[in-house]
Amino acid sequence: GITLDLSQPDGQAILRRLAAQADLVIEAYAPGTLARWGLDYDALARQRPQLVMTSLTPFGQTGPYAQYAADDLTLLALGGFVIMMGYPDSMPTQAAGEQAYAMGNMFAAVGSMLAIVGAQAGGEGQHVDIAIQECVTMALENAAQFYDLEKQIGRAHV
């Protein structure tokens, strides 16, 4: 293991050397932070075109909320998941644990693996941009059908 202070030139130089040999770099800095240090995907991929970089942030690298910070409950609420938590005769509740982060991590892992397989199959690397709020929204994929069939909002009892 190694600890780097990427705000310092020495840490930046070490990351560049490591990324030049890596298949995957995972980062969770606020959008634009790595670019200010010259460590964004475009800069690192110039050294290694097969590199995959996965960015995991609350709202992704672009868009109106990209620079906003958020905690797990905020991401669950903005993703629409909180309305499904609790009991029908009570207010929504927070899911146990860090569920939004778990969803984001799952999508980041799968997206990273797919991008690595593509790069290893002779393609180029890519920047995988994971917005945790969007991952939470994906958990609602059958909520509309449930409402259509049952005429009620589906709830997971916590």
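Above this note sits the structure.
Residues numbered from 1 in each chain as written. Predicted model: local features only at pLDDT ≥ 70, side-chain atom pairs only at ≥ 80, totals over all residues. Heavy atoms only, no water.

Enquirer: What exactly am I supposed to notice about the sheet that holds strand 2 (residues 52-57) here?
Expert: What links the strands of a sheet is backbone hydrogen bonding, and the strands pair in either a parallel or an antiparallel sense. Strands sit in the order 1-2-3 across an open sheet of three strands; the sheet is parallel. Bordering the open sheet on either side are strand 1 (24-27) and strand 3 (127-131), each of which pairs with just one other strand. Taking the axes of each pair of neighbouring strands and ignoring which way they run, one obtains an average angle of 15° across the sheet. Contacting strand 1, strand 2 and strand 3, helix 5 (residues 99-120) runs over the sheet at an angle of about 165° to strand 2. (Pairing = 2+ DSSP bridges. Helix = DSSP H or I, 4+ residues; strand = E, 2+ residues; numbered from the N terminus. Axes fitted to C-alpha atoms, helices over the stretch in contact; angles between N-to-C directions. Contact = heavy atoms within 4.5 Å.)

Enquirer: Please clarify how the environment of Ile-132 should be interpreted in this entry.
Expert: Structurally, Ile-132 can be placed in helix 6 (residues 132-138). Placed 30 residues apart in sequence, Ile-132 and Ala-102 show a C-alpha to C-alpha distance of 9.0 Å. When near neighbours in sequence (up to four residues on either side) are disregarded, Ile-132 contacts Leu-56, Thr-57, Pro-58, Leu-75, Ala-100, Tyr-101 and Gly-104.

Enquirer: Looking at this structure, how should I read the packing of aromatic side chains?
Expert: By convention here, two paired aromatic rings are described through the distance between centres and the angle between planes. A full pass over the atoms with the stated rule returns three aromatic pairs. Both rings, one in Phe-59 and one in Tyr-65, keep their centres 5.4 Å apart while their planes meet at 90°; by these two values the pair is edge-to-face. What makes Tyr-65 partly exposed here is its relative accessible area of 39%. Pairing Tyr-65 with Tyr-68 gives two aromatic rings, centres 5.0 Å apart and planes at 20°, and the pair type is stacked. Ring pairs connect the aromatic residues Phe-59, Tyr-65 and Tyr-68, which therefore count as one cluster. (Phe/Tyr/Trp six-rings, centres within 6.5 Å; stacked < 30°, edge-to-face > 60°. Buried < 20%, exposed > 50% of the residue type's maximum accessible area, 1.4 Å probe, protein only.)

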